[in-house]
Amino acid sequence: MSAAEHSKSELLIAVIARMLDGLGHVAVGASSPIPGAAALLARARAKKHLRVSVLGSLRHNDFTDGAREIFDCAAQGRIDAFFLGGGQIDGAANVNLVGLGEYPDLNKRFPGSYGSAYLYFLVPRVILFRPEHSRRVLVPKVDFISAPGVSAPGIYRPGGPYALVTERSVFSFEREQGRFRLHSIHAGETAASIAENTGFDYDSPASVPETPPPSAETLALIRGDVGADIAEVYPRFAREILTAG
Amino acid sequence: MSAAEHSKSELLIAVIARMLDGLGHVAVGASSPIPGAAALLARARAKKHLRVSVLGSLRHNDFTDGAREIFDCAAQGRIDAFFLGGGQIDGAANVNLVGLGEYPDLNKRFPGSYGSAYLYFLVPRVILFRPEHSRRVLVPKVDFISAPGVSAPGIYRPGGPYALVTERSVFSFEREQGRFRLHSIHAGETAASIAENTGFDYDSPASVPETPPPSAETLALIRGDVGADIAEVYPRFAREILTAG
Amino acid sequence: MAFGGVPVETVEALAARVSDGAMVAVPPDYSFVAMAATRAMIRRGVRDLHLLAVPQSGIQADMLIGAGCVAIVETAAVSLGELGAAPRFTAALENGAIAIRDSTCPAIHAGLQASEKGLPFMPLRGLIGSDLMRVREDWKESENPFEQGDRITVLPALKPDIALFHAPFADRSGNIWIGRRRELVTMAHAARATLVTVEEIRDIDLMRDEALAGGSIPALYVTAIANAPKGAWPLGLAGHYEADQAHLAGYAAAARSRQGFDDYLAEHGA
Amino acid sequence: MAFGGVPVETVEALAARVSDGAMVAVPPDYSFVAMAATRAMIRRGVRDLHLLAVPQSGIQADMLIGAGCVAIVETAAVSLGELGAAPRFTAALENGAIAIRDSTCPAIHAGLQASEKGLPFMPLRGLIGSDLMRVREDWKESENPFEQGDRITVLPALKPDIALFHAPFADRSGNIWIGRRRELVTMAHAARATLVTVEEIRDIDLMRDEALAGGSIPALYVTAIANAPKGAWPLGLAGHYEADQAHLAGYAAAARSRQGFDDYLAEHGA
């Protein structure tokens, strides 16, 4: 694969990294190899001006007060961005990490809500990341709200959703409207293919730009230092995906 | 000074140490040389079955979670005994560590309440220790209640006052009656001298026993290992008082 | 054999201290999981545990659930991480074989800190509007007493019967070194009893070593210790050994079926 | 000179970051008190501080009060310990020269932990029936939401502008080693800014040293560092040097009078 070519993972890493430019501290939770790699890429580009805390990492995690520190730190306003996934995500940016069906009698159980029901409220820039872009995942209404996308007035909520990144496109989240807006579509997709595969309503500009590909420099960073860095926490990811280049 | 002779400090150390026999964990707060020495004496006699935590000590303090740990530990029910003093102590075992006069316009300011307003509620056996036994200190009603001796029903209070030790006598505290009872008087005092110097009402048996003096063995321990141990935190106390023997 | 009041015993004896029905707090996969003791609990056939993951779990919860040791799991998540869903957890929930108290990480930390402080409850931000508030009938929406109209959640204390984990080393007095894994400190403070397996017992005094004391749990909170070299295997022990990725992948594949899980247990001494 | 985002500066420059009127949290005498920085603050003539002792103070508070730097002191106690009452604190309160917010140790810890957690309040046991409840109008009696009739106190968060302390060492990235003095961790988490003087800056990486990381405060919470060898003198620095008892006794005697205190300041560089 030449520098101009890139894998979907590399594109997503580059897309997410751009959303972190200029921030001071990005935290990455469990089971998040692509966001983790994106944060480490952003750090490499920011020349140490960005602090990255990868949960489960010894080398890329400066927390010293135990597993609770990330939550305290977020509540103190010291974490600028975080990532959440979701077995289902709906058009109001509600995320479901619990399961499909009528709780507690679920047809399909997911791992659980992790810290979503807290961090989604407190971290200013929460980036939703879910590669699968289908009507199965992007639904009109989630079966279980692990964490709500928007809150009623009067609820303490300095944080919330910023964007949704999938294998097909990037949506930004408009907090005032409580709706997603299509921001860019990845090469090979069209406005129609996005609409076809998205189960919720969203806003869209008249013409949707294509997601810019990663530069050769970015790809070199991903395949070099970033890949080596992420291997500590996600050895399979680092081996199987990043070495494809 | 022969083994039979002893200083008043040595008597008080021995008296307090007897109140700690059979306990599992005794904590000692700031500015408490005699209670600290008593706890270390009790530990020496208990052959390590008693744990002693002396605040401000590096060598006799196993807390590792910072200054809050003693309070958490007490709330967990893991501290059996603690000590409090008081610029004033009244007959309901209320203690005043704040000052004399009408707060905040005090005529005489004391250091402050320390942890009394909390630990007095939570530690089962709180021993009040105040060498000066006079109507100035042992008053009908304290000017400021740093911590109350008794609480209304329904207030969470597993702990409270156990005894009051002074230079003249030992009182036990009767929690049901909310009153002190004269338990023993030190050599040289009489029931009348105690009454004369005590500003609050208390119960008294028909005949009040004399406080037993420390044994030769106890004195040897105080003047040996205990003195050396307490010197780390209270160098002046260890030097000026314990080496008098 | 006992020292300083903390008995040192076999892993079997330590595991036998976990009574049927006990509420057992365990750390996440990256934080000193007592896997040797977990296998011993499965061999002993402990039943009806209320497993409290602090705040999530992986293979430990999956194995205990698969082996039928668990009645209730309280957790922010159970997953094998990069290896995908936890198969026995997922199957047990889809079959209704166990009950779950779905939580979120900081709620579990808050509940333990309430017990650490002898408090009946702790407030927590977030949560309002999550369906967790709907399904957790023990959580309440309340009001900030210092600002009218500011709604905030209050959570009851979580008081485990047992905190169970594996640590790099203990000293001869029963003090345990845990480094930066301070959720273990909170677990030990909050629990009624704390059971610890260790890689080794060192001939030092952790409380008198200023470099190490700050990363230690005093013996005051420790109920019993067992020597268990490689006691976190197949998980890793940060700074000591890596997770056995091949073994974990093998587990993830085997545990997809009931039969595969049973074969795994039979083969791996549990 | 800066590294990793945390500037290293002179003690004077560090002290100059403490603005008039700031709420400054300081540790107790036995826990890493920044005395060199305190003298620098007095030299600079800082005014109207809201001094928060965590949870009590000694010579540091007494000197700042005597030098006229303090408007409000919030504390569980101020005392010179074995050397008796803190003379300038006592005189200032008896003269009404400063205001006091009388507290109790765990209330100060609870207020800081509320800020650490971004909570508006924390509950606390004890207190009810103490006159502290009468004079602290910002403390409220409330009810345990999980047990009708169970009264419990709620305390508002304490959010210092600055946490100020002295530590044995920092590394080149601005991480600070504090060992078991974990009240300093809470102070740093709770405060808007954290200023630290250190005995030395070591050429290590505290975050990658498993033995030391657990006793460290990450640079994330550190605003600025100053090199100040013997920076806790005349207090001690546990594990490094003992308190200068003769000097402290001299202070205790001198500070009994206004003149004696002023002479002390003039003589000892503050």
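The coordinates are above.
Residues numbered from 1 in each chain as written. Chains lettered and ligands numbered in written order. Predicted model: local features only at pLDDT ≥ 70, side-chain atom pairs only at ≥ 80, totals over all residues. Heavy atoms only, no water.

Enquirer: Outline the overall build of chain C, listing residues and values.
Expert: Regarding its fold elements, chain C presents 10 helices and 14 strands. Counting only C-alpha atoms, chain C reaches 55 × 50 × 30 Å along its principal axes. Expressed as a percentage of the 270 residues in chain C, the buried residues total 67%. Considering only residue pairs separated by 6 or more positions, chain C has 74% of its internal contacts joining residues 24 or more positions apart. Accessible surface for chain C amounts to roughly 8,100 Å². Of this, 48% is attributable to carbon and sulfur atoms. Considering chain C, the positive charge centre built from 24 side chains and the negative charge centre built from 32 side chains are found 2 Å apart. (Helix = DSSP H or I, 4+ residues; strand = E, 2+ residues; numbered from the N terminus. Buried < 20%, exposed > 50% of the residue type's maximum accessible area, 1.4 Å probe, protein only. Contact = heavy atoms within 4.5 Å. Areas by Shrake-Rupley, 256 points an atom, 1.4 Å probe, with all protein chains shown as cover. Lys, Arg positive; Asp, Glu negative; His and termini not counted. Charge placed at Lys NZ, Arg CZ, Asp CG, Glu CD.)

Enquirer: I'd love a proper account of the interface of chain A and chain C, names of residues and values included.
Expert: Every contact between the two is made by 43 residues of chain A and, on the other side, 45 residues of chain C. Both faces combined, the contact of chain A with chain C buries some 3,500 Å², and carbon together with sulfur accounts for 58% of it. Together, R68, R109 and Y114 of chain A form the three largest contributors to the area buried by chain A at its contact with chain C, with a combined 19%. With a shortest N-O distance of 2.7 Å, D102 of chain C and R109 of chain A are connected by a salt bridge. (Buried area = accessible area lost by both parts, 1.4 Å probe. Salt bridge = Lys/Arg side-chain N within 4 Å of Asp/Glu carboxyl O.)

Enquirer: Describe in detail the state of the cysteines, supporting the description with residues and values.
Expert: Tallied over the full model, the rule gives 0 disulfides over all chains. With no disulfide of its own, C73 of chain B has C105 of chain D as its nearest cysteine by sulfur position, at a separation of 15 Å. Here C73 of chain B falls in the buried class, since its relative accessible area comes to 0%. (Disulfide = S-S within 2.5 Å.)

Enquirer: Give me the pairing of strand β10 (residues 161-165) of chain A: which residues, what numbers.
Expert: Residues and elements named next belong to chain A. Of all 5 residues in β10, 4 are buried, a share of seventy percent or more. For strand β8 (residues 125-129) and β10, the ladder comprises 4 bridges, and the chain directions are parallel. What sits directly across from L128, in β10, is L164. Here β10 pairs with strand β11 (residues 169-174) via 3 bridges, running antiparallel. Each bridged residue has a counterpart across the sheet, and for A163 the counterpart in β11 is S172. The antiparallel pairing of β10 with β11 creates a hairpin that spans 3 residues between the two strands. (Pairing = 2+ DSSP bridges.)

Enquirer: Outline the nonpolar core, listing residues and values.
Expert: If you look at the biggest cluster of nonpolar residues, it comprises 292 residues, and the most contacted ones within it are L128 and F180 of chain A, F180 of chain B, I176 and I217 of chain C together with I176 and I217 of chain D. Contact partners of I217 of chain C, with chain neighbours within four places excluded, come to F165, N175, I176, I178, L184, V185, A188 and V222 of chain C. In terms of nonpolar packing, the next biggest core, distinct from the first, is built from 35 residues, L23, F129, A163 and Y234 of chain A among them. (Core = buried A, V, L, I, M, F, W, Y, C linked by side-chain atoms within 4.5 Å.)

Enquirer: Break down the sheet that holds strand β9 (residues 138-139) of chain A for me, with residues and values.
Expert: Residues and elements named next belong to chain A. Spatially, β5-β4-β9 is the arrangement adopted by the 3 strands of the open sheet, whose pairing is mixed. Edge positions in the open sheet fall to β5 (95-96) and β9, since each of these has one partner strand only. Two strands pair when backbone bridges link them, and strand β4 (residues 88-90) and β5 are joined in this way by 2 bridges, in the antiparallel orientation. Bridge pairing in β5 links I89 to V95.

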